[in-house]
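# Chain and residue survey
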Amino acid sequence: MTSYLAATSLEEAVAALADGARPIAGGTDLVVGARQGKKPLPEALVGIHRIPGLNGIRDSDDGLEIGAMTSHAAVVAHPTVRNRYSGLADASALVGSHATRAQGTIGGNLMNASPAMDTGAPLLCFDSAVTLASARGTRNLSLADLWTGPGHTSAGRDELLVAVHVPAPPPSTGSAYVRLQYRRQMEIAVVGAAAVVTLSEGTVTAAAIAITALAPVIHRVAEAEARLIGGKANAAAIASAADAAAEASRPIDDVRASANYRKAMAAVVARRAIETAISRAGGAEVEIPASESTYGS
Amino acid sequence: MSVPASATLLHVVREQIGLTGSKEGCDDSECGACMMLLDGEPVNSCSYLAVQADGSAITTVEGLAPGDTLAPLQEAFLVAGGVQCGFCTPGMLISATRLLRDNPDPTTDEVRLELSGNLCRCTGYDGIVKAVMEVAARTAEKSAGD
Ligand SMILES: Cc1cc2nc3c(=O)[nH]c(=O)nc-3n(C[C@H](O)[C@H](O)[C@H](O)COP(=O)(O)OP(=O)(O)OC[C@H]3O[C@@H](n4cnc5c(N)ncnc54)[C@H](O)[C@@H]3O)c2cc1C
Ligand code: FES
Ligand code: FES
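Residues numbered from 1 in each chain as written. Chains lettered and ligands numbered in written order. Predicted model: local features only at pLDDT ≥ 70, side-chain atom pairs only at ≥ 80, totals over all residues. Heavy atoms only, no water.

## Quick notes on the overall build of chain B
Helix and strand counts for chain B come out as five helices and three strands. Listing each helix as α and each strand as β along chain B from the N terminus yields α-β-β-β-α-α-α-α. Taken over the C-alpha trace, chain B has a radius of gyration of 15 Å; the compact-globule value for 146 residues is 15 Å, and the two agree within 12%. When each of the 146 residues of chain B is scored for burial, the buried share is 49%. In chain B, of all internal contacts separated by at least 6 residues, the share reaching a separation of at least 24 is 56%. Of the roughly 6,900 Å² of accessible surface on chain B, 52% is carried by carbon and sulfur atoms. Chain B carries 9 positive and 20 negative side-chain charges, and their two centres are separated by 5 Å. (Helix = DSSP H or I, 4+ residues; strand = E, 2+ residues; numbered from the N terminus. Rg over C-alpha atoms; globule rule 2.2 N^0.38 Å. Buried < 20%, exposed > 50% of the residue type's maximum accessible area, 1.4 Å probe, protein only. Contact = heavy atoms within 4.5 Å. Areas by Shrake-Rupley, 256 points an atom, 1.4 Å probe, with all protein chains shown as cover. Lys, Arg positive; Asp, Glu negative; His and termini not counted. Charge placed at Lys NZ, Arg CZ, Asp CG, Glu CD.)

## Section: the pairing of strand β2 (residues 41–44) of chain B
All names here are of chain B. Strand direction decides the pairing type here: strand β1 (residues 35–38) and β2, joined by four bridges, are antiparallel. Bridge assignment links Leu37 to a residue of β2, and that residue is Pro42. Once β1 ends, the chain turns through two residues before running back antiparallel as β2, passing Asp39 with a positive phi of about 50 degrees. (Pairing = 2+ DSSP bridges.)

## Notes on the site of ligand 1
Near ligand 1 lie 31 residues; those nearest to it are Pro23, Thr28, Asp29, Thr105 and Asp118 of chain A. Neighbouring residues of ligand 1 are not confined to a single chain but are spread across chains A and B. Thr105 of chain A places a side-chain nitrogen or oxygen 2.6 Å from an oxygen atom of ligand 1. Residue Glu187 of chain A places a main-chain N or O atom 2.8 Å away from an oxygen atom belonging to ligand 1. (Near = heavy atom within 4 Å. Polar contact = N/O pair within 3.5 Å; in protein donor to acceptor, adjacent residues only side chain to side chain.)

## Considering the interface of chain A and chain B
Taken together, the contact between chain A and chain B spans 27 residues of the former and 31 residues of the latter. Contact between chain A and chain B buries roughly 2,300 Å² in total, counting both sides, with carbon and sulfur atoms accounting for 53%. Inspection of the region where chain A meets chain B yields two salt bridges. Along the contact surface separating chain A from chain B lie 13 residue pairs in polar contact (both at pLDDT 80 or more). Those elements that provide at least two residues to the side of chain A that touches chain B are β1 (3–6), α2 (30–35), β3 (44–47) and α6 (98–103) of chain A. It is α6 of chain A that contributes the most residues to the side of chain A that touches chain B, five residues altogether. Across the side of chain A that touches chain B, the residue classes break down as ten nonpolar, eleven polar and six charged. (Buried area = accessible area lost by both parts, 1.4 Å probe. Salt bridge = Lys/Arg side-chain N within 4 Å of Asp/Glu carboxyl O. Nonpolar A, V, L, I, M, F, W, Y, C, P; charged D, E, K, R; others polar.)

## Remarks on the pairing of strand β6 (residues 129–134) of chain A
Residue and element names in this part refer to chain A. Judged by how many residues are buried, β6 sits mostly within the fold: five of six residues are covered. Looking at chain direction, β6 and strand β7 (residues 137–142) are connected through six bridges and run antiparallel. The partner of Ala129 across the bridge, within β7, is Ser142. Judged from the five bridges that link them, β6 and strand β10 (residues 160–167) form a sheet pairing that is antiparallel. In the strand pairing of β10, Leu132 is matched with Leu161.

## A few points about the side chain of Thr198 of chain A
Residue position: Thr198 of chain A is located in strand β12 (residues 191–200). Not counting chain neighbours up to four residues away, the residues in contact with Thr198 of chain A comprise Pro170, Pro171, Ser172, Thr173, Thr203, Val204, Thr205 and Ala206 of chain A.

## Some details on the side chain of Ser95 of chain B
Mapped onto the elements of the fold, Ser95 of chain B is located in helix α3 (residues 89–102). Assessed through its relative accessible area of 0%, Ser95 of chain B is described here as buried. At a separation of 2.8 Å, a polar atom in the side chain of Ser95 of chain B contacts the side chain of Asn118 of chain B. Filtering out sequence-adjacent residues up to four positions away, Ser95 of chain B remains in contact with His98 of chain A together with Met35, Glu114, Leu115 and Asn118 of chain B.

## Here we look at helix α11 (residues 259–281) of chain A
Residues and elements named next belong to chain A. Under the 1.5 Å per step criterion, the end-to-end length of α11 is 32 Å for 23 residues, consistent within 8% with the ideal 33 Å. A bend of about 25 degrees at Met265 is the largest found in α11. Positive phi shows up at Gly283, right after α11, with a value of about 100 degrees. (Expected span 1.5 Å × (residues − 1). Bend = angle between axes of the 7 residues up to and from the residue.)

## Let's talk about the confidence of the model for chain B
On average, residues of chain B score 96 in pLDDT, and 99% of them reach the 70 mark or higher. For this predicted complex, the interface confidence reaches an ipTM of 0.95, while the overall pTM sits at 0.97. (pLDDT = per-residue confidence, 0-100.)

## Digging into the sheet that holds β1 of chain B
Residues and elements named next belong to chain B. Across the sheet, which stays open at both edges, the three strands sit in the order β2-β1-β3 with antiparallel pairing between neighbours. Looking along the sheet, the strands with just one partner apiece sit at the ends: β2 and β3 (58–59). As defined by bridge partners, β1 adjoins β3 across two bridges and the pair is classed as antiparallel. In the strand pairing of β3, Leu37 is matched with Thr59. Along the sheet face, α3 touches β1, β2 and β3 and points at about 40 degrees away from the line of β1. (Axes fitted to C-alpha atoms, helices over the stretch in contact; angles between N-to-C directions.)

Put into structure tokens, the structure is as follows:
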């Protein structure tokens, strides 16, 4: 028998977590997993969707503060996210169908810790951090230190993700997230890549590249970044960086693709992501989601 | 009303409340036959816990038009051949209602994309897309005439 409490304050929620309850946000991973028989519903659930202040995007000169309960639909609709953090909008725009995007949250996406989640790579490239709260107190953790393996995080079982912090990128920065998909909606990334690139007069002054569904956790690829930084943003440099991203991948064989195919396609999606980030850094409009607008390129 | 914590919104609406318009197709969030509006936003109710909806407004296909009347979308589905067995129709109508609310003048491609969380095994989708486009065109005509 599952028990359920709809928390109306953060204190109530973290007290329930301390007693062993599991949080439920939109339920699009947790309940669907139970329906598919992957994992039964936890014995005790605490709903976090009625807690005031967990839902919404605060946008300041320092960056974004995205509440854990913010839906993918709200992320995609936010004008600042679309303009300055386009890679994140590219990612949230791809999640499921409009029903999945209306109910699924950014907190649930990150805490579910799937190596194929879409928002992970762009948020990692933006050097994001998360705030975790528990009855013991509150701490900030770099997103890079959150995931420890497929479905696993370094957060304690009594900790609730409250918000994601995304530092504001410098001027002339562009970003993109591209995934390989077999259909346009209701899909999971076969492979994916995100890029955030800063330009100064045609030279790359900063670059971040991360890969999705290509390793047990989503991670940045320092070698790919190094092949861009300090040089001209030309086709040869982009191809070399994309190859480095593919070389760093450790994909698996599964029903959706073979490891070899994933590795080959990693170079393609990484190239598309880097090219799009560079175009956007130069002020070009590339439609969101970039996976669709770069399809076939 | 009291519901078990593990009961889905679809189960409670169909079995406890007795509104059987919404259908169970896949029971794991793939097909959209169970789609409802939760505070105005779409939800696959087979995969949403009823307890989570406590305090929210729910719209099912039964709520799209009063009594025995039909909403314009319902009528257009009938006329354009958007219904065959009808199993996908309640969810499809909910999905299309939300689509036209947020995007009253969609392109055909936008309609196909936005309805792609609703699977239909009968119609080949053409009649459905045609119905949505027709209602959109009529609404546009009306507002141009105002
Ligand atoms: C049809 C379908 C298509 C999908 N397509 C995609 C896709 O394309 N891309 C993609 O990335 N995902 C996809 N998903 C997965 C899912 O929708 C997303 O991961 C979503 O963001 C999960 O959010 P949620 O609020 O529903 O999480 P929930 O299911 O409520 O929670 C997920 C997990 O995170 C924990 N959790 C939730 N919130 C918090 C918090 N604030 N603090 C601590 N722990 C928390 C829960 O305990 C649970 O373990 C899809 C799912 C479905 C059903
Ligand atoms: S029955 Fe709910 S999505 Fe298929
Ligand atoms: S009419 Fe039969 S499934 Fe759509």
